[in-house]
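Chain by chain, the residues:
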Amino acid sequence: MKAFKKYLYVTTRNRREYMNITPEVEKCLRDSGIKEGLCLVNAMHITASVFINDNEKGLINDFDDWLEKLAPHEPTSHYRHNRTGEDNGDAHLKRQVMGREVVVAVSEGMLDFGPWEQIFYGEFDGRREKRIMVKIIGS
Amino acid sequence: MKAFKKYLYVTTRNRREYMNITPEVEKCLRDSGIKEGLCLVNAMHITASVFINDNEKGLINDFDDWLEKLAPHEPTSHYRHNRTGEDNGDAHLKRQVMGREVVVAVSEGMLDFGPWEQIFYGEFDGRREKRIMVKIIGS
Amino acid sequence: MKAFKKYLYVTTRNRREYMNITPEVEKCLRDSGIKEGLCLVNAMHITASVFINDNEKGLINDFDDWLEKLAPHEPTSHYRHNRTGEDNGDAHLKRQVMGREVVVAVSEGMLDFGPWEQIFYGEFDGRREKRIMVKIIGS
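In this report, we go over the structure that sits alongside the text. Just so it is clear, the structure is predicted and the values come from calculations on it, not from any experiment.

Reading guide: rules and limits
Residues numbered from 1 in each chain as written. Chains lettered and ligands numbered in written order. Predicted model: local features only at pLDDT ≥ 70, side-chain atom pairs only at ≥ 80, totals over all residues. Helix = DSSP H or I, 4+ residues; strand = E, 2+ residues; numbered from the N terminus. Buried ≥ 20, exposed ≤ 12 C-beta atoms within 10 Å, placed from the backbone. Contact = placed C-beta atoms within 7 Å. Nonpolar A, V, L, I, M, F, W, Y, C, P; charged D, E, K, R; others polar. Least-squares fit on C-alpha atoms with pLDDT ≥ 70 in both. Pairing = 2+ DSSP bridges. Axes fitted to C-alpha atoms, helices over the stretch in contact; angles between N-to-C directions. Parallel < 35°, antiparallel > 145°, perpendicular 65-115°, else oblique. Left-handed = near helix turned anticlockwise from the far one by under 90°.

Overview of unusual backbone geometry
Residues and elements named next belong to chain B. Pro75 follows Glu74 through a cis peptide bond whose omega is 0°. With respect to the element layout, Pro75 can be found in the loop between α2 (57–70) and α3 (89–98). For Glu108, which is not glycine, the phi torsion reads 50° and is therefore positive. Under the C-beta neighbour-count criterion, Glu108 is labelled exposed, with 8 such atoms within 10 Å.

A short note on the interface of chain C and chain A
Listed as interface residues are 27 residues of chain C and, on the opposing side, 27 residues of chain A. When contributions to the side of chain C that touches chain A are tallied by element, the ones reaching two or more residues are β3 (37–43), β4 (48–53), α2 (57–70), α3 (89–98) and β5 (101–107) of chain C. If you tally residues by element for the side of chain C that touches chain A, the top one is α2(C), at five residues. Grouping the amino acids of the side of chain C that touches chain A by side-chain chemistry returns twelve nonpolar, nine polar and six charged.

A look at the relation of the copies chain C and chain A
Its rotation angle being 120°, the transformation that places chain C on chain A also includes 0.0 Å of axial translation and leaves an RMSD of 0.0 Å. These values place the two chain copies in the arrangement generated by a three-fold rotation axis. Of the residues that chain C buries at the interface, just 19% are likewise interface residues in chain A, meaning the two copies contact each other through different surfaces.

Some words on the interface of chain B and chain A
Listed as interface residues are 27 residues of chain B and, on the opposing side, 27 residues of chain A. Elements represented by at least two residues in the side of chain B that touches chain A include exactly β1 (2–11), β3 (37–43), α3, β5 (101–107) and β8 (129–138) of chain B. Looking at the side of chain B that touches chain A element by element, the count peaks at five residues for α3(B). Residue composition of the side of chain B that touches chain A, grouped by class: 13 nonpolar, seven polar and seven charged.

Observations regarding the pairing of strand β4 (residues 48–53) of chain B
Residues and elements named next belong to chain B. Among the six residues that make up β4, six are buried, leaving the element largely enclosed by the rest of the structure. Here β4 shows a buried face lined by Ala48, Val50 and Ile52 and a second buried face lined by Ser49, Phe51 and Asn53. In this sheet, strand β7 (residues 118–123) lies alongside β4 in antiparallel orientation, the contact comprising six bridges. Its bridge partner being in β7, Ile52 is matched across the sheet by Ile119.

What to know about the relation of the copies chain B and chain A
Two copies of the chain are present, and they differ by a rotation about an axis and a shift along that axis. Superposing chain B onto chain A takes a rotation of 120° plus a shift of 0.0 Å along the axis, which leaves an RMSD of 0.0 Å. Here only 19% of the interface residues in chain B have copies in chain A that are interface residues too; the copies meet through unlike faces.

Things to note about the packing of helix α2 (residues 57–70) of chain A against α3(B)
Think of two packed helices as two axes; the pair is described by the angle between the axes and how far apart they sit. Contact pair α2(A) / α3(B): the axes reach a minimum separation of 10 Å and the direction vectors enclose 55°. Taken together, α2(A) and α3(B) sit at an angle that is classed as oblique. Crossing handedness for the pair α2(A) and α3(B): right-handed. Residues A:Leu59, A:Asp62 and A:Trp66 of α2(A) pack against B:Gly89, B:His92 and B:Leu93 of α3(B). Its residues assigned to classes, the contact of α2(A) with α3(B) shows three nonpolar, two polar and one charged.

What is shown is where atoms sit, not what they do.
Below, the structure is given as structure tokens:
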């Protein structure tokens, strides 16, 4: 069994931001030389998500509006977590809706995707450096 | 390490529908000959989910009502995504709540499940052919 | 390829409870002897979650309030599922928001975690014995 790992580093300009990281993950897969296996991609921070959905700008805005409705940033005093001095209580909740990780099938050296599947990093408390894990195991 | 892959094909009659696909996944596992490992099952379309929950009809209806409350289908003009000509903005959101994928332990040639765990395909924009990935790796 | 499996057993005192199970999962990893691979941790019951987030008491309370708002326990008659004699319809829904499972990278014999990642068991219908799966594969 082969194992490959790489951290991707991101710093967003905005508090909330959504980045298509599919090309970076594909590069990891090529570098790994793994042809058959599983590829795990996860946020290493607990105020961010990795998820698979559509690379369509309107939809990304819909996600952002919807998450803000489900877990609003303000009033920040609404969240007990923010009594620690943080203002990112909402970000921890948003991350649960969108998920921490995706596991993708690797077949014949490719991410075995449906026609519209793209991997996104969802940042909910950005403007500082964060890491994304890419771990691939297989043969 | 052995790897097995199969696509399952589904076409639902309704826009939203929930199907217990456990028997199909169990058949894949038998066909794979894998005794110890991990089994990934994921929707290959971004308006559908694979999730594990209870095979109880009332609960399935509860899920559907709840998802419709969290991300209503109408008014379709509510979603920016629908300006592309689609009417499935809600389906992309519902899929995030229910999840894209499940990863199941394989032990002694079986899906290593608790007493009530069943694998469901959740369709949120159906009435057309879609695919589900079953990828199993192990020995 | 090596495979390791262990069930963790938990019985909570309260209907809803959140437990940091990271030390137990780390012990499993040490016992497995696996250095490179993937570690799956999942609830084996469908009214509970395994998720990764912050070990901060205020945040845990925020999660609980928020889940109760998204899928209230009462009125129990709100859920068709409860017509079966159960009163845990809400617990099945809460579990979908928080997720069934996490998959964690194993690198150099360690859970390959960001600085704040901790694994939690989220119980939404407790006061009885339940199981958590830890399955590790790799080399």
